[in-house]
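# Remarks on the overall topology
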Amino acid sequence: MIQAKGYAAQDAETDLAAWNFERREVGPHDVQLEILYCGVCHSDLHQIKNDWFPGVFPMVPGHEIVGRVIKVGDHVKKFKKDDLAGVGCMVDSCQTCENCQEGLEQYCLEGSTQTYNNKGRDGVPTYGGYSNNIVVREEFVLHISDKLPLAATAPLLCAGITTYSPLRHWKVGKGHKLAVLGLGGLGHMGVKFGVAFGAEVTVLSTSASKEEAAKALGAHHFVVTSDSAQVDAVRGSFDFILDTVSAEHDMDMYLSLLRTSGTQICVGVPSQPYAIQPFSLLGGRKSIAGSGIGGIAETQEMLDFCAEHNIVSDIEVIDIKDITASYARMLKGDVRYRFVIDMATL
């Protein structure tokens, strides 16, 4: 076994702390990374606190992983020692079902294996990127361009693909009016991709103080959703709303902002179920849709697109010892827009 060290939650009631553990040996089809940076996702906090479902403890969070290849198995063809590489939200799938065959491993019919808080197909718990190394089968490792700053690339492995994938799936682009609801880790990437794809982008936010930041990211318009006059002015105007909010919010009000046949795409994950009046959907043939991450091929496509168009996340680099304080700041929205852990501080 390979010795590893990281930060783990021992249960849902305790803060993250240093923990030593073991990774499997590098098999013939595996790649081992030295983890250099790991992004901090809102879902990391949800999962260590059992907000969504009972967790697998001890839990080492982290699924926005970038680093350098330090060892490859004998049959690995796509990576070699010293390559820059990344690992996102999943590390395995059945590879044979209909969805996997279509490049939709994230929707594997047998269930994809998540990078942490899950058990692998061998029954062994998975541990994430708040650690110094990771071993992953070659098919789930991604190439990282050296054109982009490595730390700021890390959040692309979750926040990036979570917003890129639905915009590509619904073919959002030139001629569309796209609203991005929420300007956080997901929302700021939604703005960047929406603008890059040619859409007319409006940010919807409860906070008037975010307007300057939204415009700096490339947004064309900004609406304060607590101002009824501003909301009334945009009712029935958007083709799509990319909903990145992970807290409870008034779905009926936001659905009223869609044009006929418009779609609200939900990528945030509130702890409580949505409350929606049926007539909010019926009155205008509107849709609510959901989207997770992308498959491996689409994630690589996104990374290549970002390298070509110089798109990365806006980040604040932190020491691992500051992770609990950073979670508190994240809950307050006190980060623009993603924390990234420098794993050299482990």
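So, here is what we can say about the structure in this document. Just so you know, these numbers come straight off a predicted model, no measurement behind them. (Residues numbered from 1 in each chain as written. Predicted model: local features only at pLDDT ≥ 70, side-chain atom pairs only at ≥ 80, totals over all residues. Heavy atoms only, no water.)

### Things to note about the nonpolar core
Counting residues in hydrophobic clusters, the biggest one holds 90 residues, and the most contacted among them are Val-40, Tyr-130, Leu-178, Phe-193, Ile-323 and Tyr-327. With six residues, the single largest contributor to this core is helix α10 (residues 296-309). Not counting residues within four places of it along the chain, the set of residues in contact with Val-40 comprises Glu-64, Tyr-130, Ile-318, Ile-323, Tyr-327, Met-330, Arg-338, Phe-339 and Ile-341. In this structure, Val-231, Ile-241, Met-253 and Leu-258 belong to the second largest nonpolar core, which totals 14 residues. (Core = buried A, V, L, I, M, F, W, Y, C linked by side-chain atoms within 4.5 Å. Buried < 20%, exposed > 50% of the residue type's maximum accessible area, 1.4 Å probe, protein only. Helix = DSSP H or I, 4+ residues; strand = E, 2+ residues; numbered from the N terminus. Contact = heavy atoms within 4.5 Å.)

### Observations regarding the sheet that holds strand β15 (residues 287-290)
Strand order in the open sheet made by the six strands is β12-β11-β10-β13-β14-β15, with parallel pairing throughout. Edge positions in the open sheet fall to β12 (221-224) and β15, since each of these has one partner strand only. On average, each strand axis in the sheet is tilted by 20° relative to the strand beside it, whichever way the strands run. Where strand β11 (residues 200-205) and β12 come together, four bridges link them in parallel fashion. Across the sheet, Val-203 pairs through a bridge with Phe-222, a residue of β12. The sheet strands contacting helix α5 (residues 185-196) are β10 (177-181), β11 and β13 (238-243), and the helix crosses β10 at an angle near 165°. (Pairing = 2+ DSSP bridges. Axes fitted to C-alpha atoms, helices over the stretch in contact; angles between N-to-C directions.)

### Here we look at the pattern of salt bridges
Tallied over the entire structure, the rule returns 14 salt bridges. Glu-316 serves as the salt-bridge partner of Arg-329, at 2.9 Å between the closest nitrogen and oxygen. Taken as a pair, Arg-329 in helix α11 (residues 323-331) and Glu-316 in strand β16 (residues 315-318) lie far apart in primary sequence, 13 residues in all. For Arg-329, a relative accessible area of 26% corresponds to the partly exposed category. Looking at Glu-316, the relative accessible area reads 28%, which means it is partly exposed. (Salt bridge = Lys/Arg side-chain N within 4 Å of Asp/Glu carboxyl O.)

### A few points about the environment of Tyr-127
Considering the arrangement of structural elements, one finds Tyr-127 in the loop between β7 (113-114) and β8 (133-137). Overall, Tyr-127 belongs to the buried group, its relative accessible area being 15%. Spatially, the C-alpha atoms of Tyr-127 and Met-59 are 6.6 Å apart, while their sequence positions differ by 68 residues. For Tyr-127, the contacting residues outside a window of four places in its chain are Trp-19, Phe-21, Arg-23, Pro-58, Val-60, Thr-115, Tyr-116 and Ile-134.

### Quick notes on empty space enclosed by the protein
Empty pockets left among the atoms are what a rolling probe the size of a water molecule brings to light. Considering all chains together, one arrives at one cavity of 30 Å³ or more under this definition. Taken as a whole, the largest cavity encloses approximately 70 Å³ of empty space. Along its surface, the largest cavity is lined by Gly-88, Cys-89, Met-90, Phe-140, Leu-142, Leu-157, Ile-161, Ile-293, Gly-294, Ile-296 and Thr-299. Its residues assigned to classes, the lining of the largest cavity shows eight nonpolar, three polar and no charged. (1 Å grid on protein atoms, 1.4 Å probe; cavity = no way out; pocket = protein on both sides within 12 Å on 5 of 7 lines; lining within 4 Å. Points joined across faces, edges and corners; volume = space filled by probe spheres on them. Nonpolar A, V, L, I, M, F, W, Y, C, P; charged D, E, K, R; others polar.)

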